[in-house]
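Overview (structure and organization)
Here's the letter readout for the chains.
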Amino acid sequence: MNPLKLELKLYLEAEDISQSRIMSCRSFMSQQIKSSVNSYIRKLNMEDECDMDDFIVRLYFDETIEEEACTSEESAKGFIDDVVDLLSEIAHMQSFLEMEGSFMVEYQDLKKSYKFHSESGDSYCDFDEM
């Protein structure tokens, strides 16, 4: 058996954003998750606390995936790279968002954790290994 544990905590926020940009951001995030090559990323659930009346984007992901026997070795091994690609794409395409969080993978001999953040106006994401 190859047990697996993955965690992703992602918080996205922006204020004074037009309603059309809020809807566009929701759609973009949903599409990025659904179209991911990584089967574990496709399992992520987005919590939407956007406020159209106050022009605020607030999207959250707080997921822990645990399997007694890994169901997708390729996705488990590629999780770190695929999350980095996802976060970099968000920072680049939705640079008006403030983004922060962490992710972790425990699989076989691989045990790594990272923190990340991207400031509003930046088109890149900073990563720090924990």
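Note: the structure precedes this text.
Residues numbered from 1 in each chain as written. Predicted model: local features only at pLDDT ≥ 70, side-chain atom pairs only at ≥ 80, totals over all residues. Heavy atoms only, no water.

1. Topic: the overall build of the protein
The helix and strand inventory of the protein stands at 2 helices and 6 strands. Counting from the amino terminus, helix and strand elements in the protein follow one another as β-α-β-β-α-β-β-β. Its C-alpha atoms give the protein a radius of gyration of 15 Å, within 12% of the compact-globule value 14 Å for 130 residues. Counting only C-alpha atoms, the protein reaches 50 × 25 × 20 Å along its principal axes. (Helix = DSSP H or I, 4+ residues; strand = E, 2+ residues; numbered from the N terminus. Rg over C-alpha atoms; globule rule 2.2 N^0.38 Å.)

2. A short note on the environment of M23
Looking at the secondary structure, you find M23 in helix α1 (residues 19-34). C-alpha separation for the pair M23 and A76, spaced 53 residues apart in sequence, amounts to 31 Å.

3. Thoughts on the nonpolar core
Within the largest apolar cluster, 38 residues are counted, with the highest numbers of intra-cluster contacts made by L10, M29, V57, L87, I90 and M99. At the level of secondary structure, the elements contributing two or more residues to this core comprise β1 (4-15), α1, β3 (56-67), α2 (73-93), β4 (98-107) and β5 (110-118). With 8 residues, the single largest contributor to this core is α2. Discounting chain neighbours no more than four positions away, the residues touching V57 are L12, E13, A14, I17, I22, C25, C50 and L97. (Core = buried A, V, L, I, M, F, W, Y, C linked by side-chain atoms within 4.5 Å. Buried < 20%, exposed > 50% of the residue type's maximum accessible area, 1.4 Å probe, protein only. Contact = heavy atoms within 4.5 Å.)

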